[in-house]
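What follows is the residue order along each chain.
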Amino acid sequence: LDRLSRLKPDDREAIRALSAAIRATLEAVAIPDDLAAAITHALARLGEGAACAVRSSATAEDLPTASFAGQQDTYLNVVGAEAVLEHVSRCWASLFTERAVTYRLRNCLDHRKVHMAVVVQRMVFPQAAGILFTADPVTGNRTVASVEASFGLGEALVSGLVNPDVFTVRDGEVVARAIAAKQRAVHARPDGGTQEVAIDPGRQQQPALTDAQVLRLVRLGR
């Protein structure tokens with residue numbers, strides 16, 4: 001970590017090598033028994049074979065002057081306690097992806113002061129997914145809500161694989177909509193993990209959500 005902190009953001013090869021070494025070290029460390037037991041006990045309540053999302057949530061993700069969103073790793077459709085524990089370790093290690101390390105160096109953030117939580121959630125397998133903003137994400141206007149959606153898992157949207165449909169809602173009414181050509185989607189694989197699939201051409205221009213679904217989402221957000 002001391003060597004890492006002395007690097008410049010443009011020392012890409014050195015950052016790549018050091019961050020890879022740190023990730024390998026972290027992934028090789030066994031999860032403490034008490035923590036592993038707590039995780040597996042909670043998983044048992046979900047039932048055998050339950051699929052989970054294993055999500056990174058770092059302390060520096062949403063600062064007034066910086067955003068780490070998407071720079072650490074998240075894993076979807078992880079099945080089984082052993083796989084969940086393995087992916088918890090991978091999430092911890094992803095605090096030291098090359099892009100996260102470079103971003104911290106550029107923003108003068110101490111590598112030792114950023115901490116990682118991992119959220120394990122039961123998976124849902126949606127027809128459509130996306131993001132709800134309860135205030136206009138551009139203007140901050142709290143009387144306007146914005147819903148972005150695409151087919152399949154939300155990973156397609158947040159990873160930039162597709163441009164989403166965008167619905168704007170004011171006073172309980174959809175006042176604007178922009179329907180994108182959604183050519184790809186991310187779906188869960190039966191054996192765990194995810195895969196990209198092509199969307200049938202006749203379906204690409206169809207809205208991912210109905211107006212009624214959009215309005216219900218906004219009411220939930222409110």
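Refer to the structure printed above.
All of the points below concern the structure found in this document. Keep in mind it's a predicted model, so treat the numbers as computed, not measured.

Looking at the secondary structure, you find Ser56 in strand β1 (residues 51-58). Relative accessible area serves as the criterion here: at 12%, Ser56 is assigned to the buried category.

It is worth spelling out the sheet that holds strand β8 (residues 165-170) at this point. Reading across the sheet, the four strands line up as β6-β7-β8-β9 and stay open at both edges, with antiparallel pairing between neighbours. Edge positions in the sheet fall to β6 (128-133) and β9 (173-178), since each of these pairs with one other strand and no more. Looking at each pair of strands side by side, their axes are set apart by 20 degrees on average, direction ignored. Bridging between β6 and strand β7 (residues 144-151) involves six bridges; their strand directions are antiparallel. Paired with Gly130 across the bridge in β7 is Ala149.

Of all eight residues in β1, six are buried, a share of seventy percent or more. Relative to strand β4 (residues 74-79), β1 runs antiparallel, the two sharing four bridges. Looking at the pairing, Arg55 lines up with Thr74 of β4. In this sheet, strand β5 (residues 116-122) lies alongside β1 in antiparallel orientation, the contact comprising seven bridges. For Arg55, the partnering residue across the bridge sits in β5 and is Val119.

Quick notes on the rules
Residues numbered from 1 in each chain as written. Predicted model: local features only at pLDDT ≥ 70, side-chain atom pairs only at ≥ 80, totals over all residues. Heavy atoms only, no water. Helix = DSSP H or I, 4+ residues; strand = E, 2+ residues; numbered from the N terminus. Buried < 20%, exposed > 50% of the residue type's maximum accessible area, 1.4 Å probe, protein only. Pairing = 2+ DSSP bridges. Axes fitted to C-alpha atoms, helices over the stretch in contact; angles between N-to-C directions.

These results come straight from atomic positions and should not be treated as a statement about function.
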